[in-house]
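Residue-level listing of the chains:
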Amino acid sequence: MSNFKRMHMFGGMLAILFLVWQFPKCIEAFEEEWQSGVGFISSLAIGGYVFGCLLGLGLNLLKVLFEKKEP
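1. Things to note about the environment of Gln-22
Part 1 of the reasoning: Among the secondary structure elements, Gln-22 is positioned in the loop between helix H1 (3-21) and helix H2 (23-32).
Part 2 of the reasoning: A C-alpha to C-alpha distance of 9.8 Å links Gln-22 and Phe-40, two positions 18 residues apart in sequence.
Part 3 of the reasoning: For Gln-22, the contacting residues outside a window of four places in its chain are Phe-40 and Leu-44.

2. Concerning helix H3 (residues 34-66)
Part 1 of the reasoning: For H3, built from 33 residues, the straight-helix expectation of 48 Å at 1.5 Å per residue is met to within 8% by its first-to-last C-alpha distance of 48 Å.
Part 2 of the reasoning: For H3, the set of buried residues is Gly-37, Leu-44, Gly-48, Gly-52, Cys-53, Gly-56 and Asn-60.
Part 3 of the reasoning: Lining the buried residues of H3 we find H1 and H2.

3. As for the packing of aromatic side chains
Part 1 of the reasoning: One pass over the full model with this rule turns up 2 aromatic pairs.
Part 2 of the reasoning: Taking the centre distance of 6.2 Å and the plane angle of 55 degrees together, the rings of Phe-18 and Trp-21 count as tilted. Within this pair, Phe-18 and its partner Trp-21 are both found in helix H1, separated by 3 residues, close to a single helical turn.
Part 3 of the reasoning: The exposed category is assigned to Trp-21, whose relative accessible area is 62%.
Part 4 of the reasoning: Taking the centre distance of 6.2 Å and the plane angle of 20 degrees together, the rings of Phe-18 and Phe-51 count as stacked. Here Phe-51 lies in helix H3 and Phe-18 lies in helix H1, a separation of 33 residues in the sequence.
Part 5 of the reasoning: An aromatic cluster is defined as three or more aromatic residues linked by ring pairs; in this entry it consists of Phe-18, Trp-21 and Phe-51.

Conventions and cut-offs
- Residues numbered from 1 in each chain as written.
- Predicted model: local features only at pLDDT ≥ 70, side-chain atom pairs only at ≥ 80, totals over all residues.
- Heavy atoms only, no water.
- Helix = DSSP H or I, 4+ residues; strand = E, 2+ residues; numbered from the N terminus.
- Contact = heavy atoms within 4.5 Å.
- Expected span 1.5 Å × (residues − 1).
- Buried < 20%, exposed > 50% of the residue type's maximum accessible area, 1.4 Å probe, protein only.
- Phe/Tyr/Trp six-rings, centres within 6.5 Å; stacked < 30°, edge-to-face > 60°.

Listed below in structure tokens is the structure:
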């Protein structure tokens, strides 16, 4: 798997994980007002995706740095 795909897989998985983790708060935000609920869900998804991409980028960097070079 390429480093680019791995980074986006981490991003997508963490975005979904953040949405599932905060599902009760999403319901509360929708009960107050649907615009705030949509804003909360989108901020969770985008924040989780960016965090996952940064995490994947860091892991890919470590992999490249510590990968054994074969002669």
